[in-house]
Amino acid sequence: SFEINRRIFLWSGAALAASATSLAQTPARRAPRAASETFKPDVDIELICRRDQVPILPGKPTQVWRYAGNLLNGPPQTLTPMPDSYLGPLMRFVKGQRVRLRLRNELPEQTITHWHGLHVPMEADGHPMAAIEPGETYVYEFDVRNRASLNFYHPHTHETTATQVYHGLAGGLIVEDEEERALGLPSGAYEIPLVLQDRSFDDNNQLAYWGGMHRDMFGFYGERILVNGRPDFRLEVDSRAYRFRILNGSNARIYKLLWDDGTPLTVIGVDGGLLEKPERRPYVMLAPAERVDLWVDFSGRAVGSKLVMRSGAFEGLVPPMAQRMMGSGLFVGDEYPLFTATVARAVSDSPKLPEKLSTIRRYRPDDIANRDTPRPIELSMGHMAVMLNGRVYGHDDVMDIERIPVDTVQLFEIYHAQGGGMGMGMGMGMGMGMGGRGMGGMGMRRMGMGGGMMGGGMGMMGMMNMAHPIHLHGQPFEILSRSYEGDDPEAYATIREGLIDSGLKDTVLVAHGETIRIAKPFSDFKGRFMYHCHNLEHEDMGMMREFSVE
Ligand code: C2O
Ligand code: CU
């Protein structure tokens, strides 16, 4: 029955791919951007995208694609290589710095890099239309306008983002500012970036991007967790406070972060920087591209004691059968370990957790240009494509609701309310005697696979019910409200408790049945800025659109 299911998915996926590409127009590519003579950078970096190999598993090294950095000018802390990893160097910018980045493409295909989270002009945003050919260089120039935050750089080519990131092209980018420095948070060896990713390997230790069309529909789920590019990641720590800055760099996997001994998580920041005050949670849900900043205090823990971060069990966001059909052994909704911290040294002092972390200027209704008429971002699936506002990505295909006056704050309503269950009209529900979420979504594993045809139908329904991490480029937004009208309030309530909505966000996880209101500023720069699902397979399938800021 697995074979039959796989064939159904190949067929449906092919239809999906065809409909996605027919809407996308053939790009008129822009010429690569050169360095300007008037821009005087404080920081000048050469970033090369190239093939390399790194030892990941015992035995043969793994062929990867990666970012290699050279600091041409600027403070030495600007670039820190990630040891034994395919990840690009950790970048560290200071608010107010003028940055030049020269991206050189030494890959065998087009690429372009996006600085996820940074508020930069369109020419520096890594628009898919700016992709450069092998051998070309693209020069980015921008001022660092962000508040202190952990950001994420990665490729942003249309239809190849997922494979490029999967093969290793990704890195962390920290912005620092005065407000944060004044707090004296743990820094240096006590501030640890942790990039969570999942990968599968073949018998030769090479990255396997398994799953075919089925993977494209649900996203890729790997069989091994890598932290900073390493399997079985371990840290040795002092008995004092640390700052763990976690980025979910996975293509599609959602984590439910928790400590194995039940210690609550102390959250001090999210995507757009520090919260106003720390929040304690039993666990935190972290979807692709989301970041969470944790205060982790090992004070008083005995030398030799261990604390394990795990991803806890949950239901309701990803249909488990999505992974079963790919043959992945590590289900999103099961519990599994991520990394281990062992107390190696006893020390007597430790910084104290500040009660107040930052000031976030909240929008008042008067600040919002369209307070009574929210702009929609509707998540849906139709004609076997994943869509935003009923359409897949197409160059120069801006709808009226996507035209935004510059220097305004806009209210958006993001919703994902399309019914699950029967009646897809795709001929995929064959053999299904019943509909409803319980069958199509998370109930699947309990029921077993059933017949092959049935599995096919249920896969489609599962997809309808999937959660999507929605990212808007540019400045971060404020989450104003969430409401839920789905059919599993219990599973949703569990998810809800792990969502940190009090800080500034650039990516928000949208569950099936949810309506989320956000207020997002579009300041300073006109041009085209993307919004899309950060399940990278969905993004590549066309679940991406652009705003025209005018
Ligand atoms: Cu992290 Cu448009 O991407
Ligand atoms: Cu999606």
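Note: the structure precedes this text.
All values derive from a computational prediction rather than experimental measurement.

Trainee: Would you take a moment to explain the pairing of strand β28 (residues 507–510) for this structure?
Mentor: Regular strands have side chains that alternate between both faces of the sheet. Of the two faces of β28, both are covered, the one formed by Thr507 and Leu509 as well as the one formed by Val508 and Val510. One ladder, built from 4 bridges, connects strand β26 (residues 468–472) with β28; its direction is antiparallel. Directly across from His471, in β28, lies its bridge partner Thr507.

Trainee: Mind showing me how you'd approach the coordination of the copper ion (ligand 2) here?
Mentor: As a benchmark, a tetrahedral metal site with four donors has ideal angles of 109.5 degrees, while an octahedral site with six donors has ideal angles of 90 or 180 degrees. Around the copper ion (ligand 2), the protein contributes the donor atoms His468 (ND1), Cys533 (SG) and His538 (ND1), which lie 2.0 to 2.1 Å from the metal centre. As a motif over one chain, the donors of the copper ion (ligand 2) read H-x64-C-x4-H. Residue class for His538 comes out buried when judged on its relative accessible area of 0%.

Trainee: Any chance you could explain the sheet that holds strand β2 (residues 62–73) here in plain terms?
Mentor: Sheet strands pair by backbone hydrogen bonding; their relative direction is either parallel or antiparallel. Within the open sheet, the 4 strands sit side by side as β2-β1-β5-β7. Their pairing is mixed. Of all strands in the sheet, those bounded by a partner on one side alone are β2 and β7 (137–143). Each strand of the sheet is rotated relative to its neighbour by a mean of 20°, with strand direction disregarded.

Trainee: Would you take a moment to explain the packing of aromatic side chains for this structure?
Mentor: Here the distance between the centres and the angle between the planes together describe a pair of aromatic rings. Throughout the structure, instances matching the rule amount to 21 aromatic pairs. The aromatic ring of Tyr190 is capped on one face by Arg240, whose charged end is 3.5 Å from the ring centroid. If you follow Lys256 out to its NZ or CZ, it ends over the ring of Tyr283, 4.3 Å from the centre.

Trainee: Hey, could you run me through the sheet that holds strand β10 (residues 191–199) in this one?
Mentor: Pairing within the open sheet is mixed, and its 7 strands lie in the order β12-β11-β10-β14-β19-β16-β17. Two strands lie at the open edges of the sheet, namely β12 (230–231) and β17 (273–281), each paired on one side alone. Pairing of strand β11 (residues 224–227) with β12, which is carried by 2 bridges, proceeds in the antiparallel orientation. Opposite Val227, over in β12, you have Arg230 as the bridge partner.

Trainee: So what exactly am I meant to see when it comes to the side chain of Arg253 here?
Mentor: Secondary-structure assignment places Arg253 in the loop between β14 (241–248) and β15 (255–259). Within the structure, Arg253 has its side chain in polar contact with the side chain of Asp198 (distance 2.8 Å). At 3.1 Å, the side chain of Arg253 and the side chain of Tyr336 are in polar contact.

Trainee: Explain the environment of Met399 to me, please; I cannot follow it from the model alone.
Mentor: Summarising the element assignment, Met399 is placed in the loop between β23 (385–388) and β24 (403–404). Taking relative accessible area as the criterion, Met399 reaches 16% and is therefore assigned buried. As for Met399 and Arg545, which are separated by 146 residues in sequence, their C-alpha atoms are 9.6 Å apart. In this view, Met399 contacts Asn389, Arg391 and Arg545; residues no more than four positions away in its chain are not counted.

Trainee: Can you help me understand the environment of Ala322 in this one?
Mentor: Summarising the element assignment, Ala322 is placed in helix α5 (residues 320–324). On the basis of relative accessibility, which here comes to 0%, the residue Ala322 falls in the buried class. A C-alpha to C-alpha distance of 41 Å links Ala322 and Ile45, two positions 277 residues apart in sequence. Filtering out sequence-adjacent residues up to four positions away, Ala322 remains in contact with His214 and Phe218.

Trainee: Would you mind showing me how to read unusual backbone geometry here?
Mentor: Most of the time, phi is negative for any residue but glycine, and the peptide bond is trans. Notably, Asp84 is not glycine yet its phi reads approximately 50°, a positive angle. Relative to the elements of secondary structure, Asp84 occurs in the loop between β3 (79–80) and β4 (90–94). In this structure, Asn228 is a non-glycine residue whose phi angle is positive, near 50°. By the secondary structure assignment, Asn228 is in the loop between β11 and β12.

Trainee: Looking at this model, I keep getting lost on the nonpolar core. Mind explaining?
Mentor: The tendency in soluble globular proteins is for nonpolar side chains to be buried side by side. Ile56, Tyr86, Tyr221, Ile254, Met285, Phe314 and Leu317 are the most contacted members of the largest nonpolar core, which totals 46 residues. When residues of this core are traced back to their parent elements, those giving at least two are β8 (149–155), α2 (161–166), α4 (212–218) and α9 (489–497). For this core, the leading source of residues is α2, giving 3 residues.

Rules of the game
Residues numbered from 1 in each chain as written. Chains lettered and ligands numbered in written order. Predicted model: local features only at pLDDT ≥ 70, side-chain atom pairs only at ≥ 80, totals over all residues. Heavy atoms only, no water. Buried < 20%, exposed > 50% of the residue type's maximum accessible area, 1.4 Å probe, protein only. Helix = DSSP H or I, 4+ residues; strand = E, 2+ residues; numbered from the N terminus. Pairing = 2+ DSSP bridges. Donors = N, O, S within 2.8 Å, 3.2 Å for Na, K, Ca; no water. Axes fitted to C-alpha atoms, helices over the stretch in contact; angles between N-to-C directions. Phe/Tyr/Trp six-rings, centres within 6.5 Å; stacked < 30°, edge-to-face > 60°. Lys NZ or Arg CZ within 6 Å of the ring centre and 35° of its normal. Polar contact = N/O pair within 3.5 Å; in protein donor to acceptor, adjacent residues only side chain to side chain. Contact = heavy atoms within 4.5 Å. Core = buried A, V, L, I, M, F, W, Y, C linked by side-chain atoms within 4.5 Å.

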